[in-house]
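Each chain, written out:
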Amino acid sequence: MFSFLEATSDIYQGHFGEFTISKDDRTEVVIYRGALLLAASSFALGSILFLLLGPQPYVLSWLTSLFMCFAVAIGVSLATIHIYMSVLHRTLQVFWAIGFSVAIYIAITQASPLISSIYTQPLHLFGVGWLFVALTGVFFKEAFCFNHGETKLLTGVVPILLLGHWLNWLPLIGEKVLLGSWAVLFMIFASRKIVKPIPPDIGDKSVFEYLHNKQRSIQLETNSD
């Protein structure tokens, strides 16, 4: 995870030419992976508490803190993730911002604990659910780029659980099984990322540069017209 300290820059051959991976690039990946691990750990701990102890008042209070930690960590991961399509990247960040803002609003305005409000109020789940849409986007990106089996499963488990609960399709035992599966798969994914080489998470920077220049050219042509 901390191999970025071993070198300040490296030169790689990309699809559109050579590019350099700097210490700052490596630091971003470390932050991204650390944020994912923090999010996964918070989610796993919250899931364990809920599944083993149930919706006790003190458990719901702890879950609120764990959810906020989880949500902030997802926001950090979205700020440091490398995605070639800037529009997709920004869209996921907007989804996260909507979901996080709704969660803050619910926590401030509702008398019941945050998790209880999200669980029992379909409208609240719909609002906060955009945060989970953003997280699913991260899972999809990782599945597409690195072919991780756990992220492939997560891209299905997350929407099935949330939509199943929102539409009242799933029995309670089904929700518990999916929640536990989500927690386990998320921890496997985040833990595996820690030991992976850093450059693949940075990607081919020559592609980023090419897409940036192409977008800039289009903007210049549009402005000149």
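Owing to the predicted nature of the structure, the values given are computational and were not obtained by experimental measurement.

(A) Fine view of the pattern of salt bridges. Using the criterion set out here, one finds three salt bridges in the structure. Its salt-bridge partner being glutamate 142, residue lysine 141 comes within 3.9 Å of it at the nearest N-O pair. Of the two residues examined, lysine 141 and glutamate 142, each falls in the buried class. Via salt bridges that share partners, Lys141, Glu142 and Lys193 belong to a single interconnected network.

(B) Structural detail: the layout of surface pockets. Here the largest pocket defines a volume of roughly 650 Å³. In terms of lining, the largest pocket is formed by 27 residues, of which the most central are Phe43, Phe50, Ile115, Tyr119 and Leu179. Taken together, the residues of the lining of the largest pocket sort by class into 19 nonpolar, six polar and two charged.

(C) Summary view of the confidence of the model for the protein chain. Per-residue confidence for the protein chain gives a mean pLDDT of 85, with 80% of residues at or over 70. Across the protein chain, the secondary-structure element scoring lowest on mean pLDDT is helix 9 (residues 205-224), at 52, and the one scoring highest is helix 7 (residues 172-194), at 96. Below pLDDT 50 for its whole length, residues 1-8 participates in 18 contacts with residues either more than four positions away or in separate chains.

(D) How the structure looks around the packing of aromatic side chains. The final tally for this structure, using the stated rule, is 17 aromatic pairs. With centroids separated by 4.4 Å and ring planes inclined at 35°, the aromatic side chains of phenylalanine 43 and tryptophan 182 adopt a geometry described as tilted. Residue phenylalanine 43 is found in helix 1 (residues 23-53), and its partner tryptophan 182 is found in helix 7; the two are separated by 139 residues along the sequence. We note that phenylalanine 43, like tryptophan 182, is buried.

Criteria and cut-off values
- Residues numbered from 1 in each chain as written.
- Predicted model: local features only at pLDDT ≥ 70, side-chain atom pairs only at ≥ 80, totals over all residues.
- Heavy atoms only, no water.
- Salt bridge = Lys/Arg side-chain N within 4 Å of Asp/Glu carboxyl O.
- Buried < 20%, exposed > 50% of the residue type's maximum accessible area, 1.4 Å probe, protein only.
- 1 Å grid on protein atoms, 1.4 Å probe; cavity = no way out; pocket = protein on both sides within 12 Å on 5 of 7 lines; lining within 4 Å.
- Points joined across faces, edges and corners; volume = space filled by probe spheres on them.
- Nonpolar A, V, L, I, M, F, W, Y, C, P; charged D, E, K, R; others polar.
- pLDDT = per-residue confidence, 0-100.
- Helix = DSSP H or I, 4+ residues; strand = E, 2+ residues; numbered from the N terminus.
- Contact = heavy atoms within 4.5 Å.
- Phe/Tyr/Trp six-rings, centres within 6.5 Å; stacked < 30°, edge-to-face > 60°.

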